[in-house]
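Residue-level structural notes
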Amino acid sequence: MFVLLSVYVAGKSVGIVTTTRVQHATPAATYAHSASRKWYSDADMPDVAKKDNCTDIASQLIKNIDIDVIIGGGRKYMTPRGTKDPEYPGDIFSWGTRRDGRNLIQEWQSMKTGKVAHYVWNKTDFDAVDPEVTDYLMALFEPGDLRYEVERDPSMDPSIVETTEKAIRILQKNPKGFFLLVEGGRIDQAHHASRAYMALHEAVAFDDAIAKGLNLTKEEETLTIVTADHSHPLTFNGFPFRGQSILGKSPLWGTDFLPYTTLMYGNGPGHKIIDGKRPDIRNVTTKDKDYVQLSAAPLDSTTHSGEDVALLARGPMAHLFSGVQEQNYIAHAMGYAGCVGADMRHCQGETIPPVNPPNRSWAVQPSVALFSSLLSLLLALT
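Structural notes, computed from the coordinates. (Residues numbered from 1 in each chain as written. Predicted model: local features only at pLDDT ≥ 70, side-chain atom pairs only at ≥ 80, totals over all residues. Heavy atoms only, no water.)

**Considering the packing of aromatic side chains**
One pass over the full model with this rule turns up three aromatic pairs. Measuring from ring centre to ring centre gives 5.1 Å for tyrosine 40 and tyrosine 77, while their planes differ by 40°; the resulting arrangement is tilted. One end of the pair, tyrosine 40, is in the loop between α2 (25-28) and α3 (47-51); the other, tyrosine 77, is in the loop between β2 (69-73) and α5 (104-110), with 37 residues separating them in the sequence. The same class applies to tyrosine 40 and to tyrosine 77, which are both buried. Ring centres 6.5 Å apart and planes at 70° place the aromatic pair phenylalanine 321 and tyrosine 329 in the edge-to-face group. Judged by its relative accessible area of 7%, phenylalanine 321 is buried. Given a relative accessible area of 26%, tyrosine 329 falls into the partly exposed group. The side chain of lysine 112 reaches across the aromatic face of tyrosine 136, ending 4.2 Å from its centre. The aromatic ring of tyrosine 148 is capped on one face by arginine 186, whose charged end is 3.8 Å from the ring centroid. (Phe/Tyr/Trp six-rings, centres within 6.5 Å; stacked < 30°, edge-to-face > 60°. Helix = DSSP H or I, 4+ residues; strand = E, 2+ residues; numbered from the N terminus. Buried < 20%, exposed > 50% of the residue type's maximum accessible area, 1.4 Å probe, protein only. Lys NZ or Arg CZ within 6 Å of the ring centre and 35° of its normal.)

Take a look at the structure:
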């Protein structure tokens, strides 16, 4: 929340784009304080927390920071309990969950009086939003998380490329710059389910969103960061033939005379030992989108793993992100690069530290932009 709040105070525009619900862990970390990542609405909170004046994440979304662009899923956490979903009116699990009777979507709209603010929940209305004249956009395309890319209905839900483009075009009108977080959050969820097919297609979609962001911004004034918050125990096995599908089977079999897939997980729901033997997958289509990869240890959900993850940076001050860094360093380096904070000498052309550094106004700053993540892609533009 440090970077987003500081950027907002600096007069830059801010935005959040995700393929999960907008109240999920990564986007929520930019605007909310919560004892539990699962307090999506007040219905998810224990009574003792409410008595201590704790608030749910959805309510903090519209209260804590004035976010210009909010795109993702999570409709049901914004409306009163029993409110029928506009897309799935017959599905009670898609209806509103709030017990306090608040309609946060309507509250958000009333807070934008005098501004051009749009709330949309389908692609038709989303496409009709003109970024050149739009001040605020809230787009919630599903009751919960968005659909996986390969299962997405392109007539109802836009792709992460389309949502990223719309967000940038709205935010980049601010002459002071902007900060945008774009999260390919369903990559993580597919890995937890040991569905490598889904995870890889989500990663490709995320990569396309990064390319779109780079095309819409200028490298000399935009710091683009791409990273992940963690990895998963996904293993590349054996010696597959050149040109063989990564989702296929290794041409080498195990000593039990059974084939195995090139991709496997260290743990997860794919652990299947029957009568002391691995399953025979010779006649199984491992390239199917619903195929669950084999795993070494049984778990309902694949865990995270502990190795360092890559962080790639391009643009002004990209050199600050070389080498091995602790995760808490990233936010401070982004703030410095974006001319946000106490020390802005590099933004004003000063090379020699003054004897008595003056108090600097938030107004004297060039703008820079930021992108970040497999679970977060942060854009801050000048």
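**Some thoughts on unusual backbone geometry**
Its identity as a non-glycine residue notwithstanding, serine 194 has a phi of 60°, on the positive side. Take serine 194: its relative accessible area is 0%, and that puts it in the buried class. The phi angle at cysteine 339 is positive, at roughly 60°, despite the residue not being glycine. Examined against the element boundaries, cysteine 339 turns out to sit in the loop between α10 (327-337) and β11 (376-381). Owing to a relative accessible area of 3%, cysteine 339 belongs among the buried residues under this scheme.

**Some remarks on the nonpolar core**
Counting 25 residues, the largest nonpolar core has Ile71, Phe126, Leu137, Ala139 and Leu180 as the members making the most contacts within it. Counting only elements with at least two residues in this core, the list comes to β2, β4 (136-140), α7 (160-171), β5 (178-183) and α9 (196-216). For isoleucine 71, the residues in contact, after removing those within four places along its chain, are Ile16, Val17, Thr18, Val22, Phe126, Leu137, Ala139, Phe141, Thr163 and Ala167. Listed in part, the 24 residues of the second largest apolar core include Val14, Leu61, Tyr77 and Leu181. (Core = buried A, V, L, I, M, F, W, Y, C linked by side-chain atoms within 4.5 Å. Contact = heavy atoms within 4.5 Å.)

**A short note on the pairing of β5**
Looking along a regular strand, one sees side chains alternate from face to face of the sheet. Counted residue by residue, β5 has six buried out of six residues, so it is predominantly covered. Where burial is concerned, the two faces of β5 agree: the one with Phe178, Leu180 and Val182 and the one with Phe179, Leu181 and Glu183 are both buried.

**Description of the pairing of strand β6 (residues 222-227)**
Counting buried positions over the six residues of β6 gives six, a clear majority of the element. With burial as the criterion, each face of β6 is covered, one bearing Thr222, Thr224 and Val226 and the other bearing Leu223, Ile225 and Thr227.

**Some words on the sheet that holds strand β8 (residues 263-268)**
The strand order across the open sheet built from three strands is β7-β8-β9, with neighbouring strands paired in mixed fashion. Of all the strands in the sheet, the pair left with one neighbour each is β7 (234-236) and β9 (295-298). Taking the axes of each pair of neighbouring strands and ignoring which way they run, one obtains an average angle of 20° across the sheet. Here β7 runs beside β8; their pairing, made up of three bridges, is antiparallel. Along β8, the bridge assignment pairs phenylalanine 236 with leucine 263. (Pairing = 2+ DSSP bridges. Axes fitted to C-alpha atoms, helices over the stretch in contact; angles between N-to-C directions.)

**Some remarks on the pattern of salt bridges**
The tally for this structure, following the rule as stated, stands at 21 salt bridges. Note that lysine 123 and aspartate 127 form a salt bridge whose closest N and O atoms lie 2.7 Å from each other. With lysine 123 and aspartate 127 both in helix α6 (residues 123-128) and four residues apart, this pair spans about one turn of that helix. Judged by relative accessible area, lysine 123 falls into the buried class, the value being 14%. (Salt bridge = Lys/Arg side-chain N within 4 Å of Asp/Glu carboxyl O.)

**Some remarks on empty space enclosed by the protein**
All told, the structure shown has four cavities of 30 Å³ or more when counted by the stated rule. Approximately 160 Å³ is the volume attributed to the largest cavity. Those elements that place two or more of their residues in the lining of the largest cavity are β1 (13-21), β2, α7 and α9. (1 Å grid on protein atoms, 1.4 Å probe; cavity = no way out; pocket = protein on both sides within 12 Å on 5 of 7 lines; lining within 4 Å. Points joined across faces, edges and corners; volume = space filled by probe spheres on them.)

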